[in-house]
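Each chain, letter by letter, is given below.
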Amino acid sequence: MSPRERVLAAVDRQGPDRVPIDVGGTSFSTVIGQAYERLKAGLGVGGETAYMKRKSRSALLDEAVARRLAADTRPLLVGSPDGWQDVYFDDGSFRDEFGVVWRRAGDGHYAPLGNPLCEAGLNELATYPWPDPYNPGRVRGLRDATRRLHEEGEYAVVLSMPVGFVHLSQYLRGYEQWLMDIVLNPEFLDALMDGALAWWMALCASVLEEVGPYVDVVALADDVAFHDRPMVDLARYRRLFKPRHEQMVRCVKERSDARVLYHCCGAVRSLVNEFVEIGVDALNPVQVSSAGMDTAALKAEFGERMSFWGAIDTQRVLPRGTPEEVRAEVRQRIADLGPGGGYVLAAVHNVQEDVPPENILAMADAAMEFGGLGDHV
């Protein structure tokens, strides 16, 4: 199979020739900052690194690196709007086009600590200046670039959309106030999430009008769970999140033949049926360190209705394990999730700064070794 055929067969649960590999195909499944620089140095790949997202330092892999890692995916990103540059301050923080101020803790990730709607009410929300989702810079050149990726390449083209209404509304409101709004101010929260959803839907429609025929997978990211449980009870999930996420999935499927990859961290096992019902094709990152996320059990319960994308542990095994332990992790996840299709192998979240290059290579090499689903598993 070609890489594109392999990924689509896996997501469609039709039995690929081997388990496909995703490293660098999305903004949440690539390699971060210094981990990538060390990997490049070890492989003798020079040149300046391009990043998908500056605040997460998620690398856009050099083609030589992607090929060495046997990646079956290639990323597609929405462009930056004309007329806007992030505003940087003396302390290294910056303000984005939504008015959110991002600050970095030490040498770690940026966090949204300046929230423009933190103290807003409905009147202030009604006058909030949403950025223009139709700004031509977001799609300039995207159609030609995507067509070339699709027609001249053999890889699965994965479009990473910006975060969905849950995350965007959290960034605008602030996490603490947003969580309190669920109980204390539901009218405001509904209006805020509806505004964020409308912005996302307009952007998605605009992007897919340009690239819809050439995209194989559309990646959506919107967390609704913590490490130990879902973010809200099932009744609130079904009222607050499910119908809005269903609109996002429908927006993709009405405008393309792309499969929908939904990134939702944490303990989501009790929600997988809900994801199936709204049309999600594959679930990422399969955070195996979270409660209830046993890969064999997930495959047994949902494997005929949901595909899985991720599952290689980034909390302990990749950063702290030996290459042999990484090999054992890869072998186990393929054995659990791979039979009959339904699995794209990737790290849980982006490969972080503390992962040594030998473990990244061990993950890719073991995926090639064990991914044929033969005697090894």
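Here the residue numbering is sequential within each chain, running from 1 through the sequence in written order. Owing to the predicted nature of the model, reporting of local features is limited to residues with pLDDT of at least 70; listing and counting of side-chain atom pairs is limited to 80 or more, with chain, interface and lining totals taken over all residues. In computing side-chain properties, one takes all heavy atoms of the structure into account and sets aside hydrogens as well as water.

Peer 1: Hey, could you run me through the layout of surface pockets in this one?
Peer 2: Sizing a probe to match a water molecule and rolling it over the atoms shows the empty space that remains. Residues are called lining when one of their atoms sits within 4 Å of a cavity or pocket point, these points coming from a 1 Å grid over the protein atoms alone, where a cavity is a set in which a 1.4 Å probe fits but cannot get out and a pocket is an open set with protein on both sides within 12 Å along at least five of seven lines. Grid points are joined across faces, edges and corners, and a volume is the space filled by probe spheres set on the points. Approximately 1,900 Å³ is the volume attributed to the largest pocket. Taken together, 47 residues line the largest pocket, and the ones lying closest to its centre are K53, R54, K55, S56 and V163. Helix numbering and strand numbering both begin at the N terminus, where a helix is a DSSP run of H or I of at least 4 residues and a strand a DSSP run of E of at least 2. Elements that contribute at least two residues to the lining of the largest pocket include exactly β1 (50-53), β7 (110-114), α6 (165-173) and α8 (186-211). The class makeup of the residues in the lining of the largest pocket is 27 nonpolar, 12 polar and eight charged. Here the second largest pocket is characterised by a volume of approximately 280 Å³. L61, E63, R74, P75 and L149 are the residues nearest the centre of the second largest pocket, which is lined by 18 residues in total. At the level of elements, α3 (63-68), β3 (73-77) and α5 (142-152) are the ones that each hand at least two residues to the lining of the second largest pocket. Among the elements that make up the lining of the second largest pocket, the one with the highest residue count is β3 (five residues). Looking at side-chain class alone, the lining of the second largest pocket contains 10 nonpolar, three polar and five charged residues. Note on residue categories: nonpolar means Ala, Val, Leu, Ile, Met, Phe, Trp, Tyr, Cys or Pro, charged means Asp, Glu, Lys or Arg, and polar means any other residue, Gly included.

Peer 1: Would you explain empty space enclosed by the protein in this entry?
Peer 2: Inspection of every chain in the model, using the stated rule, returns one cavity of 30 Å³ or more. By volume, the largest cavity amounts to about 30 Å³. Lining the largest cavity, in full, are L220, H245, M248, V249, Y262, I278 and V280. Take the lining of the largest cavity: its biggest share by element is three residues, from helix α9 (residues 234-253). A breakdown of the residues in the lining of the largest cavity according to their chemical character gives six nonpolar, one polar and no charged.

Peer 1: Honestly, the packing of aromatic side chains in this entry has me stumped. Any pointers?
Peer 2: Within a pair of aromatic rings, the relevant descriptors are the distance that separates the centres and the angle that separates the planes. The rule is short: rings of Phe, Tyr and Trp, with Trp giving its six-membered ring, pair when the centres are within 6.5 Å, and they are stacked under 30 degrees, edge-to-face over 60, tilted in between. What the rule picks out here adds up to nine aromatic pairs. Between the aromatic rings of F98 and W199, the centroid separation amounts to 5.0 Å while the plane-to-plane angle is 75 degrees, which identifies the pairing as edge-to-face. With F98 in the loop between β5 (94-95) and β6 (101-104) and W199 in helix α8, this residue pair connects regions lying 101 residues apart in the sequence. Exposure categories follow from relative accessible area, calculated using a 1.4 Å probe and restricted to protein chains: below 20% of the type maximum is buried, above 50% is exposed, and the middle band is partly exposed. Look at F98 and you get buried, because its relative accessible area is 11%. With 4.9 Å between their ring centres and 75 degrees between their planes, W102 and Y171 make a pair best called edge-to-face.

Peer 1: What am I meant to see in the environment of Y155 here?
Peer 2: Position of Y155 relative to the elements: it lies in the loop between α5 and β8 (156-160). Accessibility expressed as a relative area gives 12% for Y155, which makes it buried. Between the C-alpha atoms of Y155 and E5, which are 150 residues apart in sequence, the distance is 8.2 Å. The definition of a polar contact used here is a pair of N or O atoms within 3.5 Å, where within protein one atom must be able to donate a hydrogen and the other to accept one, and adjacent residues in sequence count solely through side-chain atom pairs. A distance of 3.4 Å separates the side chain of Y155 from the side chain of R74, its partner in a polar contact.

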